[in-house]
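# Geometric and topological summary
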Amino acid sequence: MSEEFPGWHGTTIIGVKKGGKVVIAGDGQVSLGQTVIKGTARKVRRISPGGSDVVCGFAGSTADAFTLLERLEAKLEGTPGQLARGCVELAKDWRTDKYLQKLEAMLIVSDGEQMFVITGAGDVLEPEHDVTAIGSGGNYALAAARGMMDTDLSAEEVARKAMAIAADICVYTNGNLTVETIGG
């Protein structure tokens with residue numbers, strides 16, 4: 001009988017664009033199998049390549065995500081103020097480079113105007129309905145946020161409430177949030 005490594009779980013990241021602002025929020029839980037290893041991980045970061053602020057949230061392997069964040073930052077330094085182009089260049093490399101192909105992570109990135117999800121399949125997706133989510137509780141957070149987009153709630157309030165709902169449903173998500181706002 002083989003004992004398989006249970007794998008790391010535990011990330012929910014949401015991006016909400018509303019009222020001229022973009023909010024990216026992420027929970028702090030990292031789990032190994034059925035055990036919570038850390039409850040205060042920081043999976044949302046602000047980077048400033050070429051002097052332009054970009055907020056990034058990541059789901060998946062931490063080391064892989066940091067490798068991708070470093071690569072994204074380098075791409076954006078080469079294409080200042082062109083988030084879409086930098087994301088596409090990263091996705092191309094990710095899809096074609098044999099080393100990068102092994103990386104297991106996803107990113108939500110925004111410069112306050114545009115918001116994208118970047119995947120290892122080479123996708124750069126601009127979300128519909130101005131909301132997107134990734135990670136183990138991503139579908140719960142996405143559904144909750146979409147249900148609140150037509151209310152008077154701000155982008156941050158939508159993100160926080162959606163993350164609270166995801167944390168109530170997904171055992172790999174907690175309520176310890178990192179929230180970054182950009183734009184507006």
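Residues numbered from 1 in each chain as written. Predicted model: local features only at pLDDT ≥ 70, side-chain atom pairs only at ≥ 80, totals over all residues. Heavy atoms only, no water.

## What to know about the sheet that holds strand β8 (residues 105-110)
We apply this condition: Note: two strands are recorded as paired if DSSP finds a minimum of 2 bridges between them. Secondary structure elements follow DSSP: runs of H or I of four or more residues count as helices, runs of E of two or more count as strands, with numbering from the N terminus. Only heavy atoms enter the contact rule, under which two residues are in contact if any of them lie within 4.5 Å. Interaxial angle, 0 to 180 degrees, is taken between N-to-C directions of lines fitted to C-alpha atoms, where a helix line uses only the stretch in contact.
Read across the open sheet, the five strands follow the order β6-β7-β8-β9-β10; overall the sheet is antiparallel. Of all strands in the sheet, those bounded by a partner on one side alone are β6 (44-47) and β10 (124-125). As paired strands, strand β9 (residues 115-118) and β10 are joined by two bridges and run antiparallel to one another. By the bridge assignment for β10, I118 is matched with V124. Most of the contacts of helix α1 (residues 62-78) go to strand β7 (residues 54-60), to which it runs at about 150°, and overall it touches β6, β7 and β8. Of the strands in this sheet, β7, β8, β9 and β10 are in contact with helix α2 (residues 83-96), which crosses β9 at around 5°.

## Describing the nonpolar core
This is how it is decided: The term nonpolar core refers to a set of buried residues drawn from Ala, Val, Leu, Ile, Met, Phe, Trp, Tyr and Cys, joined through side-chain atoms within 4.5 Å. To sort residues, take the accessible area from a 1.4 Å probe on protein chains only and compare it with the maximum for the residue type: under 20% means buried, over 50% means exposed, and anything in between is partly exposed.
L107, V109 and I118 are the most contacted members of the largest nonpolar core, which has 21 residues in total. Counting only elements with at least two residues in this core, the list comes to β7, α1, α2, β8 and β9. In contact with I118, not counting residues within four places along its chain, are C87, L90, A91, W94, M106, L107, V109 and D123. Among the nonpolar cores identified, the runner-up in size contains 17 residues, and V23, A133, A155 and A166 belong to it.

## So, unusual backbone geometry
Of note in the backbone geometry, H129 takes a positive phi value of approximately 65° without being a glycine. The phi angle at D130 is positive, at roughly 60°, despite the residue not being glycine. Tracing the chain through its elements places D130 in the loop between β10 and β11 (131-135). According to the relative accessible area criterion, D130 is partly exposed, its value standing at 36%.

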